[in-house]
Amino acid sequence: MTQPAPSAQHNGPDEGTPAAPSDTPHSKTAGRGPALGLRLDVRILSLLGVLAALVLVGGVTEPDAFLDSGNLQLILTQASVIGVVTVGMTFVIISGGIDLSVGAMVALASVWATTVATQEYGFAGIAFTAVIVGLAAGLVNGVLIAYGRLVPFIATLAMLASARGLALQITDGKTQIVTVDSVLDLGLPDSYILGIPPLVIMFAVVTVVGWLVLNRTTFGRRTVAVGGNAEAARLAGIDVRRQRLYLYLLSGLCCGIAAFMLIVLAGSGQNTNGNLYELDAIAAAIIGGTLLSGGRGTIVGSVLGVLIFTTITNIFALNNLQTDVQQIAKGAIIVAAVLVQGRGMRSRET
């Protein structure tokens, strides 16, 4: 019963090896690591191909506007906020969970961090408040799910409603303008480092740290083990409840960071911030190769998924296409990604 857990921990998630079910004989799983790694490499290459094709489409349809350095910086900047949220979401989904409250947590953290009282403490006060509020909301999710034994869907759905309501109460439906110059300056071209916006650098740092944690630490191996087979992970000595608590804390932390980035980008805090971020983050993780059933995922794939969706949005905007058509295109991509996942899982089972 305990044999599959070490196997799940030994192979990093970016090598594409899911935690084996507890009733799977060793002889059936031995030697699959390289093949799965190859499949995952093909998936990453496919995502890069899709992204390259989108860049080509943008360059052909609107060459002057799309290929402009300012527009490319805009794409990366817009991808940065939802990208940070997606990193946290990827960890949660790999563990077999889900977090529907990420958009609401971003909204709550952004409005709490931009109240008049908070802004009196300047840059540090805004950044600290955004992160702490995100962590607090993630802690509530984690406690309810790990120790309250609530289904993640229900617990995070309740947090979605509660956080949105609290954000609306704090703002009274009004936009809270940021008056701290040091925060606003981060969004200006003068603050760019070698032509790279600071928000993009923050996103890159979060991505690298997330990749290292998932692939090079015990925490990452435990996350994969819990998502692959929670009972086998428990029998192998992993504290499953504590691991899940940490994962939702991590998701809340990413939401707090994203909230601060959104404050810099928008120069304000609104109760509507982060609208539908949960859907975008889940979709980006899925098309990046993260299994909804848990046990496998990749930070690199999730980041590519974010870039694909952001590029699609930008191309549609430049070509003055309707938002409904854009949503249909995104939905089609999600369905295609899930179908590919299902086909891949069936082929491995046979």
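For the structure itself, consult the block above.
A brief look at the structure comes next.

The rules behind these values
- Along every chain, residues carry numbers that run from 1 in the direction the sequence is written.
- Given that the model is predicted, a residue must reach a pLDDT of at least 70 before its local features are reported, and side-chain atom pairs must reach 80 or more before they are shown or counted; all residues, however, enter totals for whole chains, interfaces and linings.
- Side-chain calculation: all heavy atoms of the structure are included, whereas hydrogens and water are not.
- Remark: nonpolar core denotes a set of buried residues (Ala, Val, Leu, Ile, Met, Phe, Trp, Tyr, Cys) joined through side-chain atoms within 4.5 Å.
- Think of it in three bands: with a 1.4 Å probe and only protein chains considered, a residue is buried below 20% of the maximum accessible area for its type, exposed above 50%, and partly exposed in between.
- Here a residue-residue contact requires only that any non-hydrogen atoms of the pair lie within 4.5 Å.
- Every helix listed is a DSSP run of H or I at least four residues long, and every strand listed is a run of E at least two residues long, numbered separately from the N terminus.
- To estimate how far a helix should reach, multiply one less than its number of residues by 1.5 Å.
- Pairs of N or O atoms within 3.5 Å make up the polar contacts considered here, provided that, within protein, one atom can donate a hydrogen while the other can accept it, and that residues adjacent in sequence are counted only when both atoms are side-chain atoms.

One finds Val85, Val106 and Ile126 to be the most contacted residues of the largest nonpolar core, which totals 72 residues. Setting aside its immediate chain neighbours within four residues, Ile126 contacts Ala113, Thr118, Gln119, Val178, Val180, Val183, Phe260 and Ile263. With 5 residues, the next largest nonpolar core counts Ala225, Ala233, Ile238 and Val240 among its residues.

Along the chain, Thr272 falls in the loop between strand 2 (268-269) and helix 15 (277-287). Taking C-alpha positions, Thr272 is 8.0 Å from Arg164, a pair spaced 108 residues apart along the chain.

Attention shifts here to the environment of Ala158. Of note, Ala158 is situated in helix 9 (residues 152-171). Residues Ala158 and Ser101, spaced 57 residues apart in sequence, show a C-alpha to C-alpha distance of 8.0 Å.

Along its 19 residues, helix 11 (residues 198-216) runs 26 Å from first to last C-alpha, staying within 8% of the 27 Å computed at 1.5 Å per residue. Those residues of helix 11 that are buried are in contact with helix 5 (69-94), helix 12 (218-228), helix 14 (240-266) and helix 16 (299-318).

This part covers the side chain of Asn273. For Asn273, the position within the fold is in the loop between strand 2 and helix 15. Taking the relative accessible area as the measure of exposure, Asn273 reaches 8% and is therefore buried. There is a polar contact of 3.1 Å between the side chain of Asn273 and the side chain of Ser110. Every residue in contact with Asn273, bar those within four places of it in the chain, is listed here: Gly103, Ala107, Ser110, Arg164, Leu262 and Ser268.

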